[in-house]
Amino acid sequence: MKKLHFLSILVLAVVFTFGFGTTLNSVNDYGYHYTVVLDGKEVTIPMNVFDKIRTDIGGTDLPDWAQLSPEKDGYEGTRTLELYDYIKTLGLEPKPIIVAIMDSGFEMDHPDLKANIWNNEAEINGVAGVDDDNNGFVDDFHGWNFLGKATNLTLEVTREYARLQKEGVPETDAYYKKVKEEYDRKKKEDSETYDYIKMLAKDLKDAVAVLKENKVTTDPKKLQEISGTLTGKSKEAAQKILGTYMLVGAGPDEIIEYENSYKGKVESLYDLNFDGSKLIGDNPNVLDEKNYGDNDPSPKESKHGTHVAGIIGSTKKGIGQAPFVKLMYIRVVPADGDERDKDIANGIRYAADNGASIINLSAGKYFAGNADYVKEAIQYAESKGVLFVVAAGNEGTDIEKTVNYPMKFYVENGEIKYFSNLVCVGASTWMKQWNKEKDPLNKNRKFDLAASFSNFSENVVDVFAPGIEINSTVPNGGYMSLSGTSMASPETAGVAAIIKGYFPNLTAAQIKDILTKSSRKYNGVEVKTNELGRVDFARLSKTGGIVDAYNAFKMAMDMK
């Protein structure tokens, strides 16, 4: 979801020229925005514009810190490596378990994932074109693709707006007004972001042309080494590239490519006439439909799904939390746009019916067309003993007051109720308190233990986990660091898989209880947040803790 990659150059009262004729004048301590001079006029650009670029492009700067230990290594990780050292002394081996990943598509033959793919033996050894295991899905060898040929979908608010218009709901209706207001706001926000991206891309294209003409590298890392020797137009061009690199952590080729992809996004997300079912091949009026889409969950238009899969089950030490699991791939999240409730619910049921012990969903939205259908699916997984781990979201807001979906709680007979099998996860950083030694380039913008983008709630979010600059698998056999509660959720699901693997008789409710009660507490530690200012970290979740694999394992042993 969100990615941060911010350098120490962006501090109060620093001035730096960085491309498209602009000068960085200042940024406040909380990093809400910064001001530039554009064509002689001051323009305030929201910080989330650059966060968005950094999120989508990614980077690789920190060590693989997510599984490290505060005391041994100096990083606020999950202590998983320390745990595996301890397990070696016990001579224990885990039972193979299935973890379902509901996401955007997967590189199933990635060198560090292919050994852990889930195989549906009945279908693999069966007859092509026949539902050999009678589960309602034909040739579902490794999972299912509920999106079929669809790459992008519209936002849920777009679908709601189109529905209200089609049904003739009056514009004076309160819900109609709410939906239209959000649709207009989001569309304007993405259009403005695209305008800024176009400015960056145009200036970088000019800079690249100058450097190539003078036979100078355009690689930012190489430019850093030789920038002091450049003069004239080459020096100016290098400053533009380096300035942008310092802002978003990406080189000119990546920004230019990103401009092209973002244009399509702005055009597609808000199309009121778009009908996703035509691409997917389903009947939108039949929620419990089976066998729509296709049996290939491997489309790789997005790196998100492969990255999430690696955090849970990569065989690379320090990356995959549980390298012994079998990964069931369920494609329900588009590369751009919002997931459909029908697909989410049916994906949950598919996982629960086909042997998954744990489901991870690193996705969410703020409108829902069929929220109750998803709620019923979560309850179905609950009845089957399946743990459901979900990301809290990346808007930096209280999700008790601003409810997001899938719902983390529901109201029954006037009483708020929580799922015994659902774990909602916020994103934490590698530092208890920000300090220059741990963050010399200020990538974290002086935020502390809680990631600046992470949603929170002391009544809804269960626990936090590492979610910033997390290195994991991406398509084409690669690795990349990404940030977001999208990363924190699989870190937690991976720890849950460790507990289930070594203690297979534990129920989903027991594992949730272990994850939350064993979380590492930070009593009295105040952290910076966008919405609340400085606040006690304990106020941001039910537990006030970070997922701790070592503590969880020890607690599970005591329950044995």
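Heads up: the structure comes first, above all this text.
So, here is what we can say about the structure in this document. (Residues numbered from 1 in each chain as written. Predicted model: local features only at pLDDT ≥ 70, side-chain atom pairs only at ≥ 80, totals over all residues. Heavy atoms only, no water.)

Once that is clear, we can look at the overall build of the protein. A tally of regular secondary structure across the protein gives 16 helices and 20 strands. Residues classed as buried in the protein amount to 57% of the 560 residues present. Pairs at least 24 apart in sequence give 74% of the contacts found in the protein among residues at least 6 apart. Surface exposure of the protein reaches about 22500 Å², of which carbon and sulfur atoms provide 48%. (Helix = DSSP H or I, 4+ residues; strand = E, 2+ residues; numbered from the N terminus. Buried < 20%, exposed > 50% of the residue type's maximum accessible area, 1.4 Å probe, protein only. Contact = heavy atoms within 4.5 Å. Areas by Shrake-Rupley, 256 points an atom, 1.4 Å probe, with all protein chains shown as cover.)

Below, the discussion takes up the nonpolar core. Among the nonpolar cores identified, the biggest contains 63 residues, and Val325, Tyr329, Ile358, Leu387 and Ile499 are the most heavily contacted of them. If one sorts the elements of this core by residue count, helix α14 (residues 485–502) sits on top with nine residues. Excluding residues within four positions of it along the chain, Leu387 makes contact with Ser357, Ile358, Ile359, Asn421, Val423, Ala496, Ala508, Ile511, Lys512 and Leu515. (Core = buried A, V, L, I, M, F, W, Y, C linked by side-chain atoms within 4.5 Å.)

It is worth spelling out empty space enclosed by the protein at this point. Inspection of every chain in the model, using the stated rule, returns six cavities of 30 Å³ or more. Quantified by volume, the largest cavity comes out at close to 80 Å³. As for the largest cavity, its lining consists of 13 residues, of which Ala451, Ser452, Ser454, Phe456 and Thr529 are closest to the centre. For the lining of the largest cavity, the class distribution of residues is six nonpolar, five polar and two charged. (1 Å grid on protein atoms, 1.4 Å probe; cavity = no way out; pocket = protein on both sides within 12 Å on 5 of 7 lines; lining within 4 Å. Points joined across faces, edges and corners; volume = space filled by probe spheres on them. Nonpolar A, V, L, I, M, F, W, Y, C, P; charged D, E, K, R; others polar.)

Another aspect to go through is the packing of helix α3 (residues 80–90) against α14. Relative orientation of the contacting elements α3 and α14 amounts to 15°, with a least axis distance of 12 Å. If you check the angle between α3 and α14, you find them roughly parallel. When the axes of α3 and α14 are compared, the crossing they make is left-handed. Between α3, through Thr80, Leu83, Tyr84 and Ile87, and α14, the contact on the second element is made entirely by Val495, Ile498 and Tyr502. Classifying every residue of the contact of α3 with α14 by side-chain character gives six nonpolar, one polar and no charged. (Axes fitted to C-alpha atoms, helices over the stretch in contact; angles between N-to-C directions. Parallel < 35°, antiparallel > 145°, perpendicular 65-115°, else oblique. Left-handed = near helix turned anticlockwise from the far one by under 90°.)

Those residues of α3 that sit buried are Thr80, Glu82, Leu83, Tyr84, Tyr86 and Ile87. Check the buried side of α3 and you find it contacts α2 (70–73), α14 and α16 (549–559).

Let's shift gears to the packing of α14 against helix α15 (residues 508–517). As a packed pair, α14 and α15 sit with axes 10 Å apart at the nearest point and diverge in direction by 120°. Viewed along their axes, α14 and α15 adopt a mutual orientation that is oblique. Remark: the crossing between α14 and α15 carries right-handed chirality. Two secondary-structure elements touch here, α14 through Thr492, Val495, Ala496, Ile499 and Lys500 and α15 through Ile511, Ile514 and Leu515. Looking at side-chain class alone, the contact of α14 with α15 contains six nonpolar, one polar and one charged residues.

Scanning the entire structure with this criterion turns up 27 salt bridges. Of the charged contacts, one joins Lys417 and Glu412 as a salt bridge, the two residues approaching to 2.7 Å between their closest N and O atoms. Judged by relative accessible area, which is 26%, Lys417 ranks as partly exposed. Take Glu412: its relative accessible area is 32%, and that puts it in the partly exposed class. Between Asp548 and Arg520 there is a salt bridge, with the nearest N and O atoms lying 2.8 Å from each other. Here Asp548, found in the loop between β20 (545–546) and α16, pairs with Arg520, found in strand β17 (residues 520–521); they are 28 residues apart in sequence, far enough to count as distant. On the basis of relative accessible area, Asp548 is assigned to the buried category, the value being 1%. The network of salt bridges with shared partners includes Glu76, Arg79, Glu82, Arg520 and Asp548. (Salt bridge = Lys/Arg side-chain N within 4 Å of Asp/Glu carboxyl O.)

Now for the layout of surface pockets. Estimated volume of the second largest pocket: approximately 860 Å³. If you trace the second largest pocket, you find 26 residues lining it, with Arg159, Arg163, Asp275, Ser277 and Pro284 closest to the centre. Of all the secondary structure elements, the ones that give two or more residues to the lining of the second largest pocket are α5 (156–166), α10 (276–280) and α12 (341–353). It is α5 that contributes the most residues to the lining of the second largest pocket, seven residues altogether.

With that settled, consider the pairing of strand β6 (residues 98–103). With six of its six residues buried, β6 lies for the most part within the structure. Of the two faces of β6, the one holding Ile98, Ala100 and Met102 and the one holding Val99, Ile101 and Asp103 are both buried throughout. Note that β6 and strand β8 (residues 326–331) share six bridges and pair parallel. Across the sheet, the residue bridging to Ile98 is Lys326, located in β8. Pairing of β6 with strand β9 (residues 358–361), which is carried by four bridges, proceeds in the parallel orientation. (Pairing = 2+ DSSP bridges.)

This paragraph deals with α16. Every buried residue belonging to α16 is among Ala549, Tyr550, Ala552, Phe553 and Ala556, and all of these are buried. The buried residues of α16 all sit within an arc of 165° when viewed along its axis, so they share a single face. Among the structural elements, α3, α14 and α15 are those in contact with the buried residues of α16. A distance of 3.1 Å separates the backbone nitrogen of Tyr550 from a side-chain oxygen at the start of α16, and that oxygen is part of Asp548. (Arc of directions from axis to C-beta. Polar contact = N/O pair within 3.5 Å; in protein donor to acceptor, adjacent residues only side chain to side chain.)

What follows covers unusual backbone geometry. In the segment running from Tyr405 into Pro406, the intervening peptide bond is cis, with an omega of 5°. In this fold, Pro406 is placed in the loop between β10 (387–391) and β11 (409–412). At Asn134, a residue that is not glycine, the phi angle is positive and equals roughly 55°. Relative to the assigned elements, Asn134 resides in the loop between α4 (121–124) and β7 (143–145). A positive phi is found at Lys215, a non-glycine position, where the angle reads about 55°. With respect to the helices and strands, the residue Lys215 is situated in the loop between α6 (174–213) and α7 (220–226).

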